[in-house]
Amino acid sequence: MQMPFDAEKDIPDEALLVLYANGDAAAARALTLRLTPRVFGHANRLLGDRAEAEDVAQEALLRLWKIAPEWRQGEAQVTTWLYRVVANLCTDRLRKRRGVALDAVPEPEDGAASPAEQMQERARVDALQEALGSLPDRQRQAVVLRHIEGFTNPEIAEVMEISVEAVESLTARGKRALAAALAGRREELGYHDD
């Protein structure tokens, strides 16, 4: 008997994936609802293009469903595996479009924010996306995973298949490059020293 799942319950991703592999469509829906926003957001930040990020998120989840029957619990976390796939798909797309500037990502409209606040936030997002786009691919990936996605250095090391020390170096250099790229724009972006 299949039981309905709520994507917010504390059922581990790995358990949902195993249930899906055993034919439980409700588990697949719950896992999709849980992972799609995160996967899409990560791809969107790496690519700076909503349409491409949607394509990457869809492809990554399709790959997850395809490997579900062979999934070996305990070897890797579903999210770690999925973020690695997303990063690889994004890297492939970025290599194909070298030389093309990353487009700005529009923020979803929030009824509580005033138009001026929305414009300010959009300018900040655009500036951050532009600065992220100026980083080398590996630095951008490490900075996004650490400071936007909230991954730990060991998790990032696993996703990027590098050492923790290499992650620390990439994120430190990336943060310095971002700070340098954005330093002259503090006032323009509405940041004031108090």
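We now turn to the structure provided with this report. (Residues numbered from 1 in each chain as written. Predicted model: local features only at pLDDT ≥ 70, side-chain atom pairs only at ≥ 80, totals over all residues. Heavy atoms only, no water.)

**Here we look at the packing of helix α2 (residues 25-47) against helix α4 (residues 78-96)**
Right, so step 1: Following both chains from N to C, one finds α2 and α4 inclined at 30 degrees, their axes separated by 10 Å at the closest point. For the element pair α2 / α4, the angle class is roughly parallel. Two packed elements cross with a definite hand, and for α2 against α4 that hand is right-handed. Along the contact surface, α2 presents Leu35, Arg38, Val39, His42, Ala43, Leu46 and Leu47, while α4 presents Val78, Thr79, Leu82, Tyr83, Val86, Ala87, Cys90, Arg93 and Leu94.
Right, so step 2: Residues belonging to the contact of α2 with α4 are distributed by class as follows: 12 nonpolar, 2 polar and 2 charged. (Axes fitted to C-alpha atoms, helices over the stretch in contact; angles between N-to-C directions. Helix = DSSP H or I, 4+ residues; strand = E, 2+ residues; numbered from the N terminus. Parallel < 35°, antiparallel > 145°, perpendicular 65-115°, else oblique. Left-handed = near helix turned anticlockwise from the far one by under 90°. Contact = heavy atoms within 4.5 Å. Nonpolar A, V, L, I, M, F, W, Y, C, P; charged D, E, K, R; others polar.)

**Observations regarding the nonpolar core**
Right, so step 1: Leu17, Leu35, Leu64 and Leu82 are the most contacted members of the largest nonpolar core, which totals 35 residues.
Right, so step 2: Secondary structure elements with two or more residues in this core: α1 (13-21), α2, α3 (50-67), α4, α5 (115-134) and α6 (137-148).
Right, so step 3: If one sorts the elements of this core by residue count, α2 sits on top with 10 residues.
Right, so step 4: Excluding its chain neighbours within four sequence positions, the residues that come into contact with leucine 17 are Leu31, Leu64, Trp65, Ala68, Trp71 and Val78.
Right, so step 5: One finds Tyr83, Phe151, Met160 and Leu170 within the second-largest nonpolar core, a separate group that totals 10 residues. (Core = buried A, V, L, I, M, F, W, Y, C linked by side-chain atoms within 4.5 Å. Buried < 20%, exposed > 50% of the residue type's maximum accessible area, 1.4 Å probe, protein only.)

**With respect to the pattern of salt bridges**
Right, so step 1: Here the structure, examined in full by the defined rule, presents 7 salt bridges.
Right, so step 2: For the salt bridge of arginine 34 with aspartate 13, the shortest nitrogen-to-oxygen distance reads 2.6 Å. Of this pair, arginine 34 sits in helix α2 while aspartate 13 is found in helix α1, placing the two residues 21 residues apart along the sequence.
Right, so step 3: Exposure remark for arginine 34: the relative accessible area of 16% places this residue in the buried category.
Right, so step 4: Judged by relative accessible area, aspartate 13 falls into the buried class, the value being 11%.
Right, so step 5: For arginine 122, the salt bridge identified is with aspartate 126, shortest N-O distance 3.0 Å. (Salt bridge = Lys/Arg side-chain N within 4 Å of Asp/Glu carboxyl O.)

**Describing empty space enclosed by the protein**
Right, so step 1: Overall, the coordinates contain 1 cavity of 30 Å³ or more when judged by the stated rule.
Right, so step 2: Looking at the largest cavity, its volume works out to about 60 Å³.
Right, so step 3: Listing elements by their share of the lining of the largest cavity, those giving two or more residues are α4 and α6.
Right, so step 4: Class assignment of the residues belonging to the lining of the largest cavity gives a composition of 4 nonpolar, 2 polar and 2 charged. (1 Å grid on protein atoms, 1.4 Å probe; cavity = no way out; pocket = protein on both sides within 12 Å on 5 of 7 lines; lining within 4 Å. Points joined across faces, edges and corners; volume = space filled by probe spheres on them.)

**Points about the packing of aromatic side chains**
Within a pair of aromatic rings, the relevant descriptors are the distance that separates the centres and the angle that separates the planes.
Right, so step 1: In the structure shown here, the tally under the stated rule is 2 aromatic pairs.
Right, so step 2: Centroid distance tyrosine 20 to tryptophan 65: 4.7 Å. Interplanar angle 55 degrees. Geometry classified as tilted. Here tyrosine 20 is found in helix α1, whereas its partner tryptophan 65 is found in helix α3, with 45 residues between them in sequence.
Right, so step 3: Of the residues examined, tyrosine 20 reaches a relative accessible area of 27% and is grouped as partly exposed. (Phe/Tyr/Trp six-rings, centres within 6.5 Å; stacked < 30°, edge-to-face > 60°.)

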